Amino acid sequence: MKKLLVAFAAVAAFSAHADTLTVAATPVPHAEILEFVKPALAKEGVDLKVKVFTDYIQPNVQVAEKRLDANFFQHQPYLDEFNKAKGTNLVSVAGVHLEPLGAYSSKYKALTELPGGATVVIPNDATNGGRALLLLAKAGLIKLKDSNNILSTVKDITENAKDLKFRELEAATIPRVLTQVDLALINTNYALEAKLDPAKDALVIEGSDSPYVNILVARPDDKDSEDMKKLVAALHSPEVKAFILEKYKGAVVPAF
């Protein structure tokens, strides 16, 4: 009975002194990662509350309106566009992980093997199409007008030494044509569905320097709070890195 009373006293003491930090997140992998760090934050005196959303609008709206402390679901290009469109001034606190895009081939083992006039298929949406071209430019296959323009299109290609022929298709359908083309730029979630192993099969894949790193976001006045610093420290821990690598097996990679 005495031990039980001590335990209740400890819980009561924690509840009395713990700071509550409420963070919005989409279900996978963001909320899962936040749930994983809850125990570590509790030891630091922070009671982390994870509020799950399935849309991309309300997490930012509610942080801006001070109904939530932070959110974890988006990358910097999305945040920039949201701030511009909505007149908000939310900021990135820290980068956590990347869900990378890679280049795959069923015919060749290396980019250097691609023949002249090879057919390359990329996603037809602006975000992923730009990502694909930036990745190919970084790999040295093409040159772009602006190697930092995340919305680059095939019209922005200034050098194409191998005379690559580009086709644009809906991202989800690209794995289906992998055997029909020379190179395909595929998002990792679709690559996994097609039984591809990003770590082994991608000829080149986005790294942690990608602008599409998923970030923890907060208001400017709250981004340097002690509780936020504790959350960042927990998210950047070796334990979280190991958790991401083990659980997601290449579909999600640490960016710290």
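Residues numbered from 1 in each chain as written. Predicted model: local features only at pLDDT ≥ 70, side-chain atom pairs only at ≥ 80, totals over all residues. Heavy atoms only, no water.

The name given to the protein in an unreviewed UniProt entry is MetQ/NlpA family ABC transporter substrate-binding protein, with Pseudomonas migulae as the source organism. Per UniProt, the protein has the following entry under Subcellular location (unreviewed entry): "Membrane". Quoted verbatim from the Sequence similarities (unreviewed entry) field of UniProt, the annotation for the protein is "Belongs to the NlpA lipoprotein family." (UniProt positions renumbered as here; feature names shortened; annotations may be inferred.)

With that out of the way, let us pick up the sheet that holds strand 13 (residues 253-254). Strand order across the open sheet formed by 6 strands is 2-1-3-12-4-13, with mixed pairing between neighbours. Edge positions in the sheet fall to strand 2 (46-52) and strand 13, since each has one partner strand and no second. As paired strands, strand 4 (residues 91-98) and strand 13 are joined by 2 bridges and run antiparallel to one another. Residue leucine 98 lies in a different strand from strand 13, and its bridge partner there is valine 253. Contacts from helix 4 (residues 76-86) reach strand 3 (70-75), strand 4 and strand 12 (214-218), with the element oriented near 110° to strand 3. (Pairing = 2+ DSSP bridges. Helix = DSSP H or I, 4+ residues; strand = E, 2+ residues; numbered from the N terminus. Contact = heavy atoms within 4.5 Å. Axes fitted to C-alpha atoms, helices over the stretch in contact; angles between N-to-C directions.)

For the structure on display, the rule yields 6 aromatic pairs. For the ring pair tyrosine 56 and phenylalanine 73, a centre distance of 5.4 Å and an interplane angle of 35° mean the geometry is tilted. Taken together, the residues tyrosine 56 in the loop between strand 2 and helix 3 (58-64) and phenylalanine 73 in strand 3 connect sequence positions 17 residues apart. Aromatic ring contacts, followed pair by pair, group Tyr56, Phe73, Tyr78 and Phe82 into a single cluster. (Phe/Tyr/Trp six-rings, centres within 6.5 Å; stacked < 30°, edge-to-face > 60°.)

Let's shift gears to the side chain of histidine 30. Here histidine 30 is to be found in helix 2 (residues 27-43). Among the polar contacts made by the side chain of histidine 30, one reaches the side chain of threonine 26 at a distance of 2.9 Å. Not counting chain neighbours up to four residues away, the residues in contact with histidine 30 comprise Ala25, Phe72, Phe73, His97, Glu99 and Asn214. (Polar contact = N/O pair within 3.5 Å; in protein donor to acceptor, adjacent residues only side chain to side chain.)

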